[in-house]
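What follows is each chain in one-letter form.
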Amino acid sequence: MSARQTIVGLAIAVGGGAVGVVLIGAVLHRSAPNFTPVAATINGTAQTRAGTVPHAYLKLDTYPDSMAGEHGSDGGAHPDWVSYGPSTNLHVPAHALVTVTINQYDGGETITNPYFAKVHGTIGGTMTVNGKTQTGTNPDAVGHTFTIHAAPTNQDPLYVSVPLPAVPDDRPVAKGSDYPAPNVVQFSFMTGGKGEYAWNCEYPCGDGYYAKFGGPMSVRGYMSGTLTVG
Ligand SMILES: [Cu+2]
């Protein structure tokens, strides 16, 4: 078992004088539980600025609890924690167009940093929400974000951040489901060469812990994971 540790942080240094803020986005241990990976499905090719490349598709979900994702139907150790599914261990091909579809089932509120209510790093700088093209969402109604950070190494840079609009509190539970109908968010991005990246949610959804950045926000496998390009 490798003891190698990958520390991936989003370091924001506000220079000048005594003001310095460093945010550590995620600390991921190789020895942490290795959730069953989900690999993007390659289906045909896409014409891009980089030429004709494989077109890969990845499907994810965000839930208001942990009953439907990788923690098992009993929700595991923290059934009431918000979670991504079906896995937080994601694999996509190198030098490909990756189209991600996220079914977002959770509610939400105001995001701490409105930067993350905007779309960054996708093709065209846009996403679609329930079929409608948008460059961001209302910062007062964000459920989660899907944010890929490039590790500070010599691998190709990869930075993508997409806000996932909150499901309104009054949307009823859908027939045959435990949840209301989701907001369906879709976006595409290009991968470079092989690499290992971290992704996480930047909406403070860890209710009740450390200004809402604790709990599911600070334990791998809920609101963070890895993205392997290769
Ligand atoms: Cu979240």
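The structure this text deals with has already been given above.
Residues numbered from 1 in each chain as written. Predicted model: local features only at pLDDT ≥ 70, side-chain atom pairs only at ≥ 80, totals over all residues. Heavy atoms only, no water.

Caption draft 1: Molecular detail of the pairing of strand β12 (residues 160-165). With six of six residues buried, β12 is to be regarded as a mostly interior element. Here β12 shows no split at all, with Val 160, Val 162 and Leu 164 on one side and Ser 161, Pro 163 and Pro 165 on the other all buried. By the bridge criterion, six bridges tie strand β11 (residues 142-149) to β12 in an arrangement that is antiparallel. When the bridges of β12 are listed, Val 142 appears paired with Pro 165. (Buried < 20%, exposed > 50% of the residue type's maximum accessible area, 1.4 Å probe, protein only. Helix = DSSP H or I, 4+ residues; strand = E, 2+ residues; numbered from the N terminus. Pairing = 2+ DSSP bridges.)

Caption draft 2: Broad picture of the pairing of strand β4 (residues 41-48). With six bridges joining them, β4 and strand β5 (residues 51-63) adopt antiparallel strand pairing. Paired with Ile 42 across the two strands is Ala 56, which belongs to β5.

Caption draft 3: Structural context of the side chain of Thr 228. Mapped onto the fold, Thr 228 is located in strand β15 (residues 224-229). Classification of Thr 228 as buried rests on a relative accessible area of 18%. Polar contacts involving the side chain of Thr 228 include one to the side chain of Glu 196, which spans 3.4 Å. When near neighbours in sequence (up to four residues on either side) are disregarded, Thr 228 contacts Leu 90, His 91, Val 92, Gly 195 and Glu 196. (Polar contact = N/O pair within 3.5 Å; in protein donor to acceptor, adjacent residues only side chain to side chain. Contact = heavy atoms within 4.5 Å.)

Caption draft 4: Region of the structure containing the coordination of the copper ion. Within the protein, His 144 (ND1), Cys 201 (SG), Cys 205 (SG) and Met 223 (SD) serve as the donor atoms for the copper ion, at 2.1 to 2.5 Å. Around the copper ion sit four donor atoms, and with donor-metal-donor angles ranging over 91 to 123° the site reads as tetrahedral. Every donor residue of the copper ion comes from the same chain, spaced as H-x56-C-x3-C-x17-M. In this pair, His 144 is assigned in strand β11 and Cys 205 in the loop between β14 (195-200) and β15, connecting sequence segments 61 residues apart. For Cys 205, a relative accessible area of 7% corresponds to the buried category. (Donors = N, O, S within 2.8 Å, 3.2 Å for Na, K, Ca; no water. Tetrahedral: all angles 85-135°; square planar, octahedral: opposite > 155°, others 65-115°.)

Caption draft 5: Geometry of the nonpolar core. Among the nonpolar cores identified, the biggest contains 37 residues, and Phe 146, Ile 148, Phe 187 and Leu 227 are the most heavily contacted of them. Setting aside its immediate chain neighbours within four residues, Phe 146 contacts Leu 60, Tyr 84, Leu 90, Ile 102, Val 160, Ser 161, Val 162, Phe 187, Trp 199 and Asn 200. (Core = buried A, V, L, I, M, F, W, Y, C linked by side-chain atoms within 4.5 Å.)

Caption draft 6: How the structure looks around unusual backbone geometry. In the segment running from Gly 85 into Pro 86, the intervening peptide bond is cis, with an omega of -5°. Within the element layout of this structure, Pro 86 appears in the loop between β6 (83-85) and β7 (89-92). You will see that Tyr 210, though not glycine, has its phi angle at about 45°, which is positive. Checked against the element boundaries, Tyr 210 lands in the loop between β14 and β15. On the accessibility criterion, Tyr 210 (71% relative accessible area) is exposed. Its identity as a non-glycine residue notwithstanding, Ala 211 has a phi of 55°, on the positive side. Among the secondary structure elements, Ala 211 is positioned in the loop between β14 and β15. Judged by relative accessible area, Ala 211 falls into the exposed class, the value being 66%.

Caption draft 7: Structural view of the pattern of salt bridges. What the rule picks out here adds up to one salt bridge. Lys 212 serves as the salt-bridge partner of Glu 109, at 4.0 Å between the closest nitrogen and oxygen. A residue pair is termed long-range when its members are at least 10 positions apart, and Glu 109 in the loop between β8 (97-104) and β9 (127-129) and Lys 212 in the loop between β14 and β15 qualify at 103 residues. (Salt bridge = Lys/Arg side-chain N within 4 Å of Asp/Glu carboxyl O.)

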